[in-house]
Amino acid sequence: MTSAAIYGCSGLKLTAEERAFFAEARPWGFILFRRNVESPAQVKALVEDLRDSIGRADAPVLIDQEGGRVQRLGPPHWPKYPPGSAYLKAVNDPVAARELVRLGARLIAHDLRELGITVDCVPVLDVPVPGAHDIIGDRAYAQDPATVTQLGRAAAEGLLAGGVLPIIKHIPGHGRAFADSHHALPVVETDLATLDGWDFAPFKALSDMPMAMTAHVVFTAVDAKRPATTSKKGIRLMREHLGFSGLIMSDDLSMKALSGALTQRAEQSLKAGCDVILHCNGDLGEMRQAAEGTCKLKGQARRRAEAALKRIVHTPEPLDVAEARARLEAALSGRFDAAKGPDVGEVQA
C-alpha cells in the first residue's frame, strides 16, 4: 500500500539502494532538484525510473520551477523564467500582469509535461511585509494580498491548462517571517485579525486548488508552541477557517526550522493533519528515518490525493510555444536576471 510520503533522490540516476528503498517504502510521489537534472533525456529517464520503482505510472513527480532564484530546470536545455515579482514590475498593471503570469506558467507546464513531471510547487501565495526575511522576497508576485491572489490564481490556471498540478505555498503564509525556515524557526506574533486580512487572504481565495504546502512557521495567535506543519490547531485553521479541502503536504522535513529526529518530524506532521510528508535532500539514511514515522496513505488523505490527481488534464490547452515564448520575452525583456541569488531549498554538495 502507498505511504503518505514524497521523497527525493541523490543524483542523476537511481542507485540500487534507492530503488530497493522506494520499492519497500512505496511513497506516493517524488520530487526533483538541480542535482537530479542534466539533460531532457536524462530527466525523462529518471522520472520513468522513479515511477517504475514503485510500479505506479501515475505517481506524481514534483519540482520547484518558480523562476528566478528557484528554478531547477535552466539553460542550456530550458529557458530562464522570471521571479514572481518581475511580471507586475514589467507592466505595472495587475490586469496585464495576470495575463503574463498565466502565460509564463503555461510555458513552464509545457516544459514539465514533456519530461513527465506532473506537479509544480507554484504558486507562492506569501505576501511579504517590510523588514521580513528575503527568503520570499522577489518570489512573491506583489506586496499586497489582493494582487498576490490575482496573480497566484493566474499561475495556477496556467499550470492546470498545461496538464500540471499547482501547489499553493506556504500555507497559511510565510511573508511575515523574519527568519529563513531552511535554517531557523520563524515565530510570528501578529494578532489573528491582522493575519486573516493579510497573510491568510490569498490562501482563502485559492482554497479550491488541489494541493497546498505548509509553512514551517509558528503563529502564536494560532499555536504558540508548534509551527503550522506540526500543529493540529494550524492544520485545523487551514481546513476550517481558510476552507482548504485539498491535499496538504508538509514543507521539507529536513529543514532546520523543525526539531527532533526525522521519524519524530514525520509522525508529528501526519498526526497534526498533514496528508503527506515531504523529504527533499535525497539522503537515504534520513529517508529511512522519515519512513519509520510515516503511515499508509488511507482514508480522507487518500481520497484527497486521488482527487488531486484527477485534476490533471490529459489534453492540454493548445499552445504555440514559439509565439508564446517570444511574447513573454518581449514583455519582460531586460527586466530580470534569473541567474542571481541562491537556489532556494536546494541542498548543496
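Residues numbered from 1 in each chain as written. Predicted model: local features only at pLDDT ≥ 70, side-chain atom pairs only at ≥ 80, totals over all residues. Heavy atoms only, no water.

## Some remarks on the overall build of the protein
The cut-off we apply is this: Only DSSP runs of H or I with at least four residues qualify as helices, and only runs of E with at least two residues qualify as strands; both kinds are numbered from the N terminus onward. Only protein chains enter the accessibility calculation, which uses a 1.4 Å probe; a residue whose area is less than 20% of its type maximum is buried, one above 50% is exposed, and one in between is partly exposed. A contact between two residues is defined here by any heavy atoms of the two lying within 4.5 Å. All accessible-area figures derive from a Shrake-Rupley calculation using a 1.4 Å probe, and residue coverage is judged against the displayed protein chains alone. His residues and chain termini do not enter the charge count, which takes Lys and Arg as positive and Asp and Glu as negative. Just so you know, the charge point we use is NZ for Lys, CZ for Arg, CG for Asp and CD for Glu.
Counting its secondary structure elements, the protein contains 12 helices and 12 strands. In terms of overall dimensions, the protein has a C-alpha envelope of 50 × 50 × 35 Å along the principal axes. Considering the protein as a whole, with its 349 residues, one finds that 60% of them fall into the buried category. Pairs at least 24 apart in sequence give 79% of the contacts found in the protein among residues at least 6 apart. Total accessible area on the protein stands at roughly 13,700 Å², and carbon and sulfur atoms take up 52% of it. Where the 42 positive side-chain charges of the protein centre and where its 43 negative ones centre are 4 Å apart.

## Here we look at the sheet that holds strand β7 (residues 165-171)
Which entries qualify depends on this criterion: Between any two strands, at least two bridges found by DSSP are needed for them to pair. Interaxial angle, 0 to 180 degrees, is taken between N-to-C directions of lines fitted to C-alpha atoms, where a helix line uses only the stretch in contact.
If you walk around this closed barrel you meet the eight strands as β1-β2-β3-β6-β7-β9-β11-β12, and the pairing is parallel. Against the sheet, helix α1 (residues 16-25) engages β1 (3-7) and β2 (27-32), with an angle of about 155° to β1.

## Some words on the pattern of salt bridges
Selection criterion: What makes a salt bridge here is a side-chain nitrogen of Lys or Arg within 4 Å of a carboxyl oxygen of Asp or Glu, nothing more.
As enumerated under the stated definition, the model contains 19 salt bridges in all. In this structure, the salt-bridge partner of D111 is R325, at a minimum N-O distance of 2.5 Å. Highlighted residues: D111 in helix α4 (residues 94-115) and R325 in helix α12 (residues 321-332), separated in sequence by 214 residues. R325 gets classed as buried once you look at its relative accessible area, which sits at 17%. A salt bridge links R302 to E306, with the shortest nitrogen-to-oxygen separation between them at 3.1 Å. Of this pair, R302 and E306 both sit in helix α11 (residues 299-309), four residues apart, roughly one helical turn. R302 gets classed as partly exposed once you look at its relative accessible area, which sits at 40%.

## Overview of the nonpolar core
Across soluble globular proteins, nonpolar side chains have a tendency to be buried as a group. Threshold: The criterion is simple. A nonpolar core is a set of buried Ala, Val, Leu, Ile, Met, Phe, Trp, Tyr and Cys residues joined through side-chain atoms within 4.5 Å.
Y7, F22, W28, L32, I117, M211 and M249 are the most contacted members of the largest nonpolar core, which has 106 residues in total. The dominant element in this core, judged by the number of residues it contributes, is α4, at 10 residues. Beyond its immediate sequence surroundings of up to four residues, F22 is in contact with Y7, G8, C9, L14, P27, F30, L50, S53, I54 and M287.

## A few points about the confidence of the model for the protein
We count it as follows: Residue-level confidence of the predictor is summarised by pLDDT, bounded by 0 at the bottom and 100 at the top.
Mean pLDDT for the protein: 94, with 95% of residues reaching 70 or above. Within the model, pLDDT remains below 50 along residues 337-349, and this stretch shows 30 contacts once partners closer than five positions in the same chain are excluded.

## Examining α12
Quick reminder: α-helices carry 3.6 residues per turn. Residues three or four places apart thus point the same way. Filter applied, for reference: By this rule the span expected of a helix is its residue count minus one, scaled by 1.5 Å. Arc definition: directions from the helix axis to the C-beta atoms.
Under the 1.5 Å per step criterion, the end-to-end length of α12 is 16 Å for 12 residues, consistent within 8% with the ideal 16 Å. Along α12, the positions that sit buried rather than exposed are A324, R325, L328 and L332. Each buried residue of α12 sits inside an arc of 100° when the element is viewed along its axis, so together they form one side. Facing away from the buried side of α12, by more than 90 degrees, are the exposed residues A322 and A330. In the core, the buried residues of α12 are packed alongside α3 (84-91) and α4.

## Examining a positive patch on the surface
Put simply, the rule is: Residues enter patches when they are more than 30% accessible in relative terms and free of salt bridges; like-charged ones are connected within 9 Å and nonpolar ones (Val, Leu, Ile, Met, Phe, Trp, Tyr) within 5 Å.
A cluster of basic side chains, namely K225, R226, K232, K233, R236 and K271, defines a positive patch on the protein surface. For the positive patch, the element with the highest residue contribution is helix α8 (residues 232-241), accounting for three residues. With respect to the helices and strands, R226 occurs in the loop between β10 (218-219) and α8.

## A closer look at empty space enclosed by the protein
For the record, the criterion: Buried and open spaces are told apart on a 1 Å grid over the protein atoms alone, a cavity being a set of points where a 1.4 Å probe fits but cannot get out and a pocket being an open set with protein on both sides within 12 Å along at least five of seven lines. Residues with an atom within 4 Å of a point are the lining residues. Grid points are joined across faces, edges and corners, and a volume is the space filled by probe spheres set on the points. Under the scheme applied, nonpolar residues are Ala, Val, Leu, Ile, Met, Phe, Trp, Tyr, Cys and Pro; charged residues are Asp, Glu, Lys and Arg; polar residues are all the others, including Gly.
For the coordinates displayed, the defined rule picks out three cavities of 30 Å³ or more. In this structure, the second largest cavity encloses a volume near 140 Å³. Within the residue set of the lining of the second largest cavity, elements represented by two or more residues are β4 (65-67), α3, α4 and α5 (145-161). Per-element tally for the lining of the second largest cavity: the top contributor is α4, with four residues. Looking at side-chain class alone, the lining of the second largest cavity contains 10 nonpolar, four polar and three charged residues.

## Some words on the packing of α1 against helix α2 (residues 40-54)
As a reminder of what qualifies: Small angles under 35 degrees read as roughly parallel and large ones over 145 as roughly antiparallel, with 65 to 115 read as roughly perpendicular and the rest as oblique.
Running from amino to carboxyl end, α1 crosses α2 at an angle of 45°, the nearest separation of the two axes being 7 Å. Here α1 is positioned oblique relative to α2, judged by the angle of their axes. Contacts from R19, F22 and A23 of α1 reach α2 at D49, L50, D52, S53 and I54. Its residues placed into classes, the contact of α1 with α2 shows four nonpolar, one polar and three charged.

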